[in-house]
Amino acid sequence: MLVLSRRPEQSFRLGDDIIVTVLGIDGDRVKLGIRAPRDVVVLRQELFQELHDANSDAASNTPASTEVVAAALRRATGKVPSENSSEIAVVGA
Amino acid sequence: MEAPALSLPDVDAASVISFPDGLVGCGDWKHFVLLTSDEEDLPVGVLQCIDEPAVRFMVTDPRLVDSSYSPSISLEDQLALGLAPDARPVIYCTLTIASDGSITANLLGPLAINERTRQARQLVLADGDYSARHPVGQVG
């Protein structure tokens, strides 16, 4: 692991296209600004880990048939699938 | 192989669904096919990974789990999916079945599919209050 120290308002670069700036320090929290191309995903480590673990677990499920799972879903939610779609909003950056 | 097909809306079962960036933390899982049941209107499907045959996700429409589920698609995700400005992706969520039979749905990282191109992406709904393990009842 590369270790460096920065004061507020100092920055460092990752590759050619990513700049991280220390915006400030407030108690035990560091505020960071990240400038990166649109296609670079920036993710808090805890969120990454949570999703990675959930993906891993979901991929290697305890075997159960889809019919059995669907029945459980219906029991739990009391819902029957319908054709209606709800709007999925698209928001700008 | 287990109970195959499920009838899920909107996505042609015969086509390969591509995740150019894989899934979060699983970048190599890029190509999938959706297996659907002969049984009509079965709301649970299987997303079978072609790159890694042992990888298969049980998926469902997240609105069956949470009827108010209506995630906002960020501009970045919209661009990454190649979605036209007013186009909506098909959204599925994975289901995890634990060894005790409890089922949870990943509402934090749903799978968004561009129906037109079959390109897909796992969204990260960091701003919402969603859980990657939303409880949905029990098998058996």
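Refer to the preceding data block for the structure.
As the structure is a prediction and not an experimental result, all values here were calculated from the model. (Residues numbered from 1 in each chain as written. Chains lettered and ligands numbered in written order. Predicted model: local features only at pLDDT ≥ 70, side-chain atom pairs only at ≥ 80, totals over all residues. Heavy atoms only, no water.)

Q: How should the sheet that holds strand S2 (residues 18-26) of chain A be read in this particular structure?
A: One key point about sheets: their strands pair by backbone hydrogen bonds, in either a parallel or an antiparallel sense. Residues and elements named next belong to chain A. In spatial order, the strands read S1-S2-S3; together these three strands make up an open sheet with antiparallel pairing. Since the sheet does not close on itself, it has two edges, and those belong to strand S1 (11-14) and strand S3 (29-35), each with one partner. Strand-to-strand twist of the sheet, defined as the mean angle between neighbouring strand axes without regard to direction, takes the value 30°. The sheet contact formed by S2 and S3 spans seven bridges and is antiparallel. Its bridge partner lying in S3, aspartate 26 is registered against arginine 29. (Pairing = 2+ DSSP bridges. Helix = DSSP H or I, 4+ residues; strand = E, 2+ residues; numbered from the N terminus. Axes fitted to C-alpha atoms, helices over the stretch in contact; angles between N-to-C directions.)

Q: Explain the interface of chain B and chain A to me, please; I cannot follow it from the model alone.
A: How big an interface is tends to be expressed through the accessible area that disappears when the partners come together. Across the contact, 63 residues belong to chain B and 44 residues belong to chain A. Summing both sides of the interface, chain B and chain A together bury roughly 4,400 Å²; the carbon and sulfur share of this comes to 62%. When residues of chain B are sorted by the area they lose upon contact with chain A, Arg63, Leu64 and Arg88 of chain B head the list and together hold 13% of the total. In this assembly, chain B and chain A are joined by five residue pairs in polar contact (both at pLDDT 80 or more). Of all the secondary-structure elements, those providing two or more residues to the side of chain B that touches chain A are strand S3 (44-49), strand S4 (56-60), helix H1 (62-65), helix H2 (75-80), strand S5 (90-97), strand S8 (119-122) and strand S9 (134-138) of chain B. Ranked by residue count, the leading element in the side of chain B that touches chain A is S5 of chain B, at five residues. Class assignment of the residues belonging to the side of chain B that touches chain A gives a composition of 37 nonpolar, 17 polar and nine charged. (Contact = heavy atoms within 4.5 Å. Buried area = accessible area lost by both parts, 1.4 Å probe. Polar contact = N/O pair within 3.5 Å; in protein donor to acceptor, adjacent residues only side chain to side chain. Nonpolar A, V, L, I, M, F, W, Y, C, P; charged D, E, K, R; others polar.)

Q: Can you help me understand the pairing of S2 of chain A in this one?
A: Along a regular strand, successive side chains alternate from one face of the sheet to the other. Residue and element names in this part refer to chain A. Bridge count between S1 and S2: four bridges; the pairing is antiparallel. Looking at the pairing, leucine 14 lines up with isoleucine 18 of S2. The turn joining S1 and S2, which pair antiparallel and follow one another in sequence, is formed by three residues; a positive phi near 60° is taken by glycine 15. Linking S2 to S3, which pair antiparallel, is a turn of two residues; within it glycine 27 sits at a positive phi near 65°.

Q: Is there a simple way to explain the nonpolar core in this structure?
A: Note on soluble globular proteins: their nonpolar side chains tend to be buried together. Formed by 25 residues in total, the largest nonpolar core has its most connected members in Val69 of chain A together with Val44, Leu95, Ile103 and Ala105 of chain B. The set of elements that each furnish at least two residues to this core consists of helix H2 (66-77) of chain A together with H1, S5 and strand S6 (102-105) of chain B. Residues contacting leucine 95 of chain B, with those up to four places away along its chain left out, are Ala58, Asn61 and Val69 of chain A together with Val44, Met58, Thr60, Ile103, Thr104 and Ala105 of chain B. (Core = buried A, V, L, I, M, F, W, Y, C linked by side-chain atoms within 4.5 Å. Buried < 20%, exposed > 50% of the residue type's maximum accessible area, 1.4 Å probe, protein only.)

Interpretation note: all reported values are geometric properties and have no functional meaning in isolation.
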